[in-house]
Structures are given as C-alpha cells and as structure tokens.
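Reading the structure
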Amino acid sequence: MEIRLSVKVKSAVKKNIFAILDVLNEVGIPLEGLTDRRLERVAKVCMAIGNIKTNFSEVKSVKDGVFLRTREIITYLNKYFGGNIADGSYDDIRRKDLKLLVLSNIAINSASINSKATNDGNRAYCLNDDFAQLLKTHGADEWDKALAEYKQKSIDLKNELEKKREVESIPVTLPDGSELLLSYGEHNQLQKAIIEKFLTYFGKGCCVLYVGDTGDKLLFKDEIQLNELGFFNLEHEELPDIIAYNKDKNLLFLIEAFHCTGQWDKTRLYKIKNKLKDCKSDIVFITAFETLNSFRTISNNIAWETEVWIAEMPEHMIHFNGWKFLEIHK
C-alpha cells in the first residue's frame, strides 16, 4: 500500500509502516477511506504495542506480557518514531488509531482478559500472539502458508468470541418490555440498574431513546424521536450513557453512569446546554453512581442544577439544585 508519509519519518520506520499496512490489508482489515495520516498512525500504533522499533523479528505479544496504556503509546511514538503528539491526544489513540485493531482482535485490550469494563482507566493494549507470529514470517518463504493459517484462525476465533460475548452479556429490559444485551462490565451493570430501577422510581412513563455500551457506543438509538424533540446530534464522546423521555411531562433525562469518569461537571454541562438550546423538552441532567462511596470521591465536581442517583439507595435522589425545590414548602 502506497501512502504519503510525514517528512519526519525515518527510512527504516517508513519501510515497517508500509509492511504493516500491507499485512493489515492482506488479513482483511478495512483501510479504505482512511487518510494517509490516519493510516500512518494506525501502523505506528500497531508497531508500538508490538514493541517493534527496527524490524518484525523483535515483535512482542500478549504472551510476553507487553502492554501499553494509551498515554504510554504516545510516549513510545514520540520517542522511537519521531512524533510530536500531545499527551492529551490519548483519547484519539483509543477511538481512532486502535479501533480497527481491537475490533479485528489484532490488538488486545487488557479489559478483555480480566473482564473489566472496556472504558476502565487502567486498560492497556498489546498484540495478539497469532498476529505477532504472522509478522515474523513477513517476507519469508513461509509467509503464504502462515497467512492462510492466520485467516482460518481468525474466522474460528471470531465465532468463538461471539459465543463468549453472548454468554457474558448483560440482559436489560426496557420500559416497553423489549430487551437489549449490554457487554459485560461494571459500567454496564450500572446502566442496567438505571434502566430497570431508576426509571421505575423516577421515570414512570418514560421511553428510552438512547443507550450506549462500552463495546458499542450506538447500541440503541431512536433517531426519529430525538430529531422530533430538536435534540442536537452530539459527537459520540459527548453523548450521555442513557437518554429517556417522558412525553406527558415533556422531560428529557440525560443520564451518565459514572465509572472512573463521566459525571456532569460544570464545564461539560455548560457545553452541552449550549448545544441543546433548541431542544423542545425540559432537560434533566443526572449522574448515576453504583455506591455512596463512589459518589463521595467526586462529589465536589458535580455541577449545580443537576441530579444524582445512587444504585444502592434506589428510592432516593440528591438534588444539586436551589430555589425550585423550595416551592413545595409554601
């Protein structure tokens, strides 16, 4: 595959980038539509988590226990590949550069090994050992045979993973009686509690318009209803975990399930309110926590004019509000 690389890339690194992209293309990774710069970054990230500095013979994999967090990947790229990537770009590494590699099981998320949520702040990435072994044969006589074997293993592994995900998935019953399957993880356990408990106590009559998932950010979305309400099409990273709507009261609940991050803080609230200024419903911003202790850890970051719900105390709420609740005491 021929692409135009950045001028700062050394010749030895260029050779490996082209080789990595050729291998990804051979194993069926959909690279069409990606810009040259994105293709370069995907290849470099693949080399970083495989600890490839000069040639494929030095590749490391999950069997070697080589894992890099997203910030460590940035450090690696800057150190060995002449990059100048800002430390704050770690989310781009995860959402853009690692996405295809993880989906194709070429890169392994540590969360998939220990069954943590895939948005856990401590997750790290490494190369699948089968892919690492395939890289070692690139350019050698046994390449064609190794490639054919890898493709067959990939098909078998995909079927196995699909069965495993089905067994480990979390069934969630929506208010209308329909069912969703969330991927396994603490974050999604909390989302289940929000839908099945919070909406039962405080969202009677609500219908669910959106549910994100740690494995599929757009698991469920009622775009027609959201558009009718004048709901601005937020970027993926701006979407709350759950959106529910009460038609009788014209209330739109934007609910975040807090796990490591995700609370409605002052900055985020201001930004989203501006984007939703044309929404036809009254919006209620809610941060949900699994336990009172988890709420206490970031209670000072909760924005005023929002609500808090705690799953272990499902019949109660904490209101970060002022005057409007005083009206009931007249």
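Basis of the calculations
- Residues numbered from 1 in each chain as written.
- Predicted model: local features only at pLDDT ≥ 70, side-chain atom pairs only at ≥ 80, totals over all residues.
- Heavy atoms only, no water.
- Helix = DSSP H or I, 4+ residues; strand = E, 2+ residues; numbered from the N terminus.
- Buried < 20%, exposed > 50% of the residue type's maximum accessible area, 1.4 Å probe, protein only.
- Contact = heavy atoms within 4.5 Å.
- Areas by Shrake-Rupley, 256 points an atom, 1.4 Å probe, with all protein chains shown as cover.
- pLDDT = per-residue confidence, 0-100.
- Expected span 1.5 Å × (residues − 1).
- Bend = angle between axes of the 7 residues up to and from the residue.
- Salt bridge = Lys/Arg side-chain N within 4 Å of Asp/Glu carboxyl O.
- Core = buried A, V, L, I, M, F, W, Y, C linked by side-chain atoms within 4.5 Å.

1. Notes on the overall build of the protein
- Each helix and strand counted, the protein has 12 helices and 11 strands in total.
- Per-residue burial over the protein gives 43% buried out of 330 residues.
- Here the analysis covers contacts within the protein between residues at least 6 apart in sequence; of these, 56% occur between residues at least 24 apart.
- With the model as given, the accessible surface of the protein reaches about 18000 Å², and the carbon-plus-sulfur share is 50%.

2. A closer look at the environment of Leu-135
- Summarising the element assignment, Leu-135 is placed in helix α7 (residues 129–136).
- Taking C-alpha positions, Leu-135 is 7.8 Å from Ser-57, a pair spaced 78 residues apart along the chain.
- Discounting chain neighbours no more than four positions away, the residues touching Leu-135 are Ile-20, Val-23, Ile-52, Phe-56, Val-59 and Leu-127.

3. Side note on the confidence of the model for the protein
- This prediction gives the protein a mean pLDDT of 85; 86% of its residues lie at or above 70.
- Here helix α6 (residues 110–114) is the element of the protein with the lowest mean pLDDT, 68, and strand β10 (residues 306–310) is the one with the highest, 96.
- When the criterion is pLDDT under 50, residues 115–121 qualifies, and its contacts beyond four places in sequence or with other chains add up to 20 contacts.

4. A few points about helix α9 (residues 186–202)
- The terminal C-alpha atoms of α9 lie 22 Å apart, and with 17 residues this matches the ideal 24 Å at 1.5 Å per residue to within 8%.
- Along α9, the sharpest kink reaches roughly 35°, centred on Ile-194.
- Buried within α9 we find His-187, Asn-188, Leu-190, Gln-191, Ala-193, Ile-194, Ile-195, Phe-198 and Leu-199.

5. Structural notes on the side chain of Thr-137
- Secondary-structure assignment places Thr-137 in the loop between α7 and α8 (143–168).
- Dropping the residues within four chain positions of it, Thr-137 is found in contact with Glu-142, Trp-143 and Ala-146.

6. Quick look at the pattern of salt bridges
- Counted under the stated rule, the structure contains nine salt bridges.
- Of the charged contacts in the structure, one is a salt bridge between Arg-41 and Asp-97, with a shortest N-O distance of 2.9 Å. Of the two residues, Arg-41 sits in helix α2 (residues 36–49) while Asp-97 sits in helix α4 (residues 90–97), which places them 56 residues apart along the sequence. There is no split in this pair, since Arg-41 and Asp-97 are both buried.
- One salt bridge in this structure joins Lys-63 and Asp-129, with 3.6 Å as the shortest N-O distance. Pair noted here: Lys-63 is in the loop between α2 and α3 (70–80) and Asp-129 is in helix α7, with a separation of 66 residues, a long-range link.
- It is possible to trace a salt-bridge network through shared partners that takes in Arg-37, Glu-40 and Lys-44.

7. Quick notes on helix α1 (residues 11–26)
- In this model, α1 (16 residues) spans 23 Å end to end at C-alpha, consistent with the 22 Å of a helix rising 1.5 Å per residue.
- Every buried residue belonging to α1 is among Val-13, Asn-16, Ile-17, Ala-19, Ile-20, Leu-21, Val-23 and Leu-24, and all of these are buried.
- Just downstream of α1, Gly-28 is the residue with a positive phi angle, here 95°.

8. A look at the nonpolar core
- Ranked by size, the top nonpolar core spans 46 residues in total, and within it Leu-24 and Phe-131 carry the most contacts.
- Listing elements by their share of this core, those giving two or more residues are α1, α2, α3, β2 (125–127), α7 and α8.
- Here this core gets eight residues from one element, more than from any other, and that element is α2.
- Excluding residues within four positions of it along the chain, Leu-24 makes contact with Ile-29, Leu-31, Val-42, Leu-101, Ile-106 and Phe-131.
- One finds Val-172, Ala-193, Leu-199 and Ala-288 within the second-largest nonpolar core, a separate group that totals 24 residues.

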